[in-house]
Amino acid sequence: MTGWVAIAGLGPGRDDLVTPEVTAMLAEATDVIGYIPYVKRVAPRDGLTLHPTDNRVEIDRATHALTLAAEGRRVAVVSGGDPGVFAMASAVFEALEGKPQFAETDIRVLPGITAMLAAAARAGAPLGHDFCAINLSDNLKPWSVIERRLRLAAQADFAMAFYNPRSRSRPHQFGDALAILREECAPDRLITFARAISRPDEALNTVTLAEATAEMADMQTVVLLGNSQTRLVGRYVYTPRSAS
């Protein structure tokens, strides 16, 4: 039996936002590996082994997947959203780089709908022009790098999507990020807090940068900051496709 690894995005939360490609792959898989909340989203069935693991063990998780594939297993490595956006695709290739014995493994990356894009769709079109995505967690990079990227992106007038804005272990950092943005952007810049989008407890709140507080975000929130031309039309937020 020939094994493979499929790195899949399960979308932002709702079952019908999982792509048919990912659904078909999961029906063929013998093993599912991932962070506990994502593995819980995969229905158990005969012939499928679930391997939920804690956070911050991405390389161990990836190495486990490669090892199982070498034994002939069909392994799904699952992430929320899209696996290539702050998720497991990079971790699998990082593990592969250090394990030449797995160099010939059949690896597939299956895209998913990101939390950022689901949130933008719910708000309207805040990412309608040039934008960037920044992970505000400093687990894998120093805060000085995050601060520099925030300033440069604001100076370049990008719309921005922020992942992992605030957690219990670093409650102050999103407040620091807001302070940096207020130094670089006008106070009436629109900012949208999108929490648990597509899930039953979803919440969407758009305010100005001057009104934003750190407490409006948590780890289930994606934050979307418009550029200088982003505006409201009715209850929708949109960024024009042109720039002056």
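Keep in mind that this is a model prediction, so the values were computed, not measured. (Residues numbered from 1 in each chain as written. Predicted model: local features only at pLDDT ≥ 70, side-chain atom pairs only at ≥ 80, totals over all residues. Heavy atoms only, no water.)

### Let's talk about the packing of aromatic side chains
Inference 1: A complete count under the given rule lists three aromatic pairs for this structure.
Inference 2: With a centroid separation of 6.1 Å and an interplanar angle of 90°, the aromatic rings of Phe 174 and Phe 193 are classed as edge-to-face. Within this pair, whereas Phe 174 is found in helix H7 (residues 173-184), its partner Phe 193 is found in strand S9 (residues 190-195), the two being separated by 19 residues in sequence. Comparing Phe 174 with Phe 193, the two get one shared label, buried. (Phe/Tyr/Trp six-rings, centres within 6.5 Å; stacked < 30°, edge-to-face > 60°. Helix = DSSP H or I, 4+ residues; strand = E, 2+ residues; numbered from the N terminus. Buried < 20%, exposed > 50% of the residue type's maximum accessible area, 1.4 Å probe, protein only.)

### Concerning the packing of helix H3 (residues 58-70) against helix H4 (residues 88-97)
Helix-helix packing is described using two parameters, namely the angle between the two axes and the distance between the axes.
Inference 1: Where H3 contacts H4, the two axes come as close as 8 Å, and the packing angle between them is 70°. Accordingly, the angle class assigned to the pair H3 and H4 is roughly perpendicular. Relative to H4, H3 is oriented so that their crossing is right-handed. Facing Glu 58, Ile 59, Arg 61, Ala 62, Thr 63 and Leu 66 of H3, the residues of H4 in contact are Met 88, Ala 91, Val 92, Glu 94, Ala 95 and Leu 96.
Inference 2: Considering only residue class, the contact of H3 with H4 consists of eight nonpolar, one polar and three charged. (Axes fitted to C-alpha atoms, helices over the stretch in contact; angles between N-to-C directions. Parallel < 35°, antiparallel > 145°, perpendicular 65-115°, else oblique. Left-handed = near helix turned anticlockwise from the far one by under 90°. Contact = heavy atoms within 4.5 Å. Nonpolar A, V, L, I, M, F, W, Y, C, P; charged D, E, K, R; others polar.)

### Notes on the sheet that holds strand S7 (residues 131-135)
Inference 1: With mixed pairing, the five strands of this open sheet are ordered in space as S7-S8-S11-S9-S10. Only two strands of the sheet have a single partner each, and these edge strands are S7 and strand S10 (203-208). Here the average twist between neighbouring strands, direction ignored, is 20°.
Inference 2: Judged from the six bridges that link them, S9 and S10 form a sheet pairing that is antiparallel. Bridge assignment links Ile 191 to a residue of S10, and that residue is Val 207.
Inference 3: In this fold helix H5 (residues 115-123) packs onto S7, strand S8 (159-163), S9, S10 and strand S11 (221-225), with an angle of close to 60° to the strand it touches most, S11. (Pairing = 2+ DSSP bridges.)

### Re the side chain of Gln 173
Inference 1: With respect to the helices and strands, the residue Gln 173 is situated in helix H7.
Inference 2: Judged by its relative accessible area of 6%, Gln 173 is buried.

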